[in-house]
Amino acid sequence: ATRRVLVTGCSSGIGLAVAVRLAKDELQRFKVVATMRDVEKRAALETAAGETLGRSLEIHQLDVCCEDSIRECVNSLPGRRLDILVSNAGMGMIGPLECQSVKCMQDVFNTNFFGLVRLVKEVLPDMKRRQSGHIVVMSSVMGIQGLLFNDVYAASKFAVEGLCESLAVQAMTFNIKMTLVEPGPVLTEFERKVYEDAQNMDLSGTDDETARIFREIYLPYSGKVFSSLGQRPEEVAEQILELIVSKDPPFRHQTNRLYTPMTAMKHADPTGRLPLDAFYRIIFQHDRLFNASLGFMRFLQKRMTKSKV
Ligand code: NAD
């Protein structure tokens, strides 16, 4: 039987790639409800979906910040039946905290955290009644490990992780699966948007040293991370397909294994010093250390993979 999958944020990036990958499944296992806030922006998805459009893929309007639009979309599905939810819509935010308005921070939480809350409130009761379903949630490695100048974004993903970690135990009792997907950098509109915001950001609200660190150290560091470690959204989509078809999907899945040692440091040192020191060194001594640290991450990752076998 085909399973109905609803994906949010499908006008670009990972959401678009996931919707298209599932719709083009060779075994035709899915009916994809590809949703987006503004259906006027559906051209890229339509092109990528090709002949699956109107067959295994339908485009619906859904704004994760609007409960009515979520309810309307779910109500429009036959029997309200949804087998898999992929909560993907999200937004980034970078820069010194004192340069950002609380209103903009609330927008980030409203999308990344409360967007998920609204979706889960709408679909979880039905899944519980049916005692089946899978909720796949786009988190981030920044849901586990904070990063300089990503304070509010990381906080919103930590909130996502806390919510899901708590809900997952309840979900188990109803035979519902939950999976947090934790990508590192992915080459999408996301990066372009946060960079554009960063370029135009008014840094007069902070001191010269913080502004300098942001512009001259953080932004080039981040650019290097994206260009050297960035994954393509199609790679992430392929892994999401694997998770969805897996009989026993994990609760957490990192898409970029190079990050596993970085996040593992957090659990290795309860004082929290190890990851802070590592990030400090990598970011502030990056000209010298960036390549060395990349090499070190690769080395650690190999060691960890070996020790698992
Ligand atoms: P993207 O900007 O291409 O996609 C985000 C999508 O969410 C866009 O299509 C946007 O229109 C949509 N969206 C935003 N607000 C919405 C709303 N209120 N209702 C419905 N849709 C809304 O970026 P992406 O990289 O594909 O991001 C997808 C997810 O992956 C996000 O949750 C993001 O936090 C997460 N993520 C991205 C990266 C990365 O480096 N790109 C890394 C880790 C996690």
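Residues numbered from 1 in each chain as written. Predicted model: local features only at pLDDT ≥ 70, side-chain atom pairs only at ≥ 80, totals over all residues. Heavy atoms only, no water.

(A) Broad picture of the pairing of strand β3 (residues 57–61). Sheet topology places strand β2 (residues 30–36) next to β3; five bridges connect them, and they run parallel. Within the sheet, the bridge partner assigned to V33 lies in β3 and is E58. Regarding the hand of the β-α-β motif, the stretch spanning β2, helix α2 (residues 43–49) and β3 is right-handed. (Pairing = 2+ DSSP bridges. Helix = DSSP H or I, 4+ residues; strand = E, 2+ residues; numbered from the N terminus. Right-handed = clockwise from strand over helix to strand, strands pointing away.)

(B) Representation of unusual backbone geometry in the model. Located in the positive-phi region is R80, a residue other than glycine, with phi close to 55°. Within the secondary structure layout, R80 lies in the loop between α3 (67–75) and β4 (84–87). Positive phi is not limited to glycine here, since Q131 has a value of about 55°. Examined against the element boundaries, Q131 turns out to sit in the loop between α5 (114–130) and β5 (134–138). Residue class for Q131 comes out partly exposed when judged on its relative accessible area of 39%. (Buried < 20%, exposed > 50% of the residue type's maximum accessible area, 1.4 Å probe, protein only.)

(C) Summary view of the pairing of β5. Within β5, five of the five residues are buried, which leaves the element mostly enclosed by the surrounding structure. One ladder, built from four bridges, connects β4 with β5; its direction is parallel. Opposite V86, over in β5, you have V136 as the bridge partner. Pairing analysis gives five bridges linking β5 to strand β6 (residues 177–182), with the strands arranged parallel. Each bridged residue has a counterpart across the sheet, and for H134 the counterpart in β6 is K177.

(D) Fine view of the site of the ligand. Around the ligand sit 28 residues, and of these I14, D63, N88, Y153 and T188 come closest. Separating an oxygen atom of the ligand from a side-chain N or O atom of S12 is a distance of 2.8 Å. In the model, an oxygen atom of the ligand is placed 3.1 Å from a nitrogen or oxygen of the K157 side chain. Taking 820 Å² as the accessible area of the ligand by itself, protein coverage stands at 96%. Among the secondary structure elements, those contributing two or more residues to the shell around the ligand are α1 (13–23), α6 (151–173) and α7 (189–200). With three residues, α7 is the single largest residue contributor to the shell around the ligand. Residues of the shell around the ligand, tallied by class, amount to 12 nonpolar, 11 polar and five charged. (Near = heavy atom within 4 Å. Polar contact = N/O pair within 3.5 Å; in protein donor to acceptor, adjacent residues only side chain to side chain. Areas by Shrake-Rupley, 256 points an atom, 1.4 Å probe, with all protein chains shown as cover. Nonpolar A, V, L, I, M, F, W, Y, C, P; charged D, E, K, R; others polar.)

(E) How the structure looks around the nonpolar core. I94, L147, F214, Y218, L219 and Y221 are the most contacted members of the largest nonpolar core, which has 31 residues in total. Listed by contribution, the elements that provide at least two residues to this core are α6, α7, α8 (208–229), α10 (260–268) and α11 (273–284). Residue contributions to this core peak at nine residues, all from α8. Discounting chain neighbours no more than four positions away, the residues touching I94 are Q100, F149, N150, V194, A198, M201, F214, Y218 and L219. (Core = buried A, V, L, I, M, F, W, Y, C linked by side-chain atoms within 4.5 Å. Contact = heavy atoms within 4.5 Å.)

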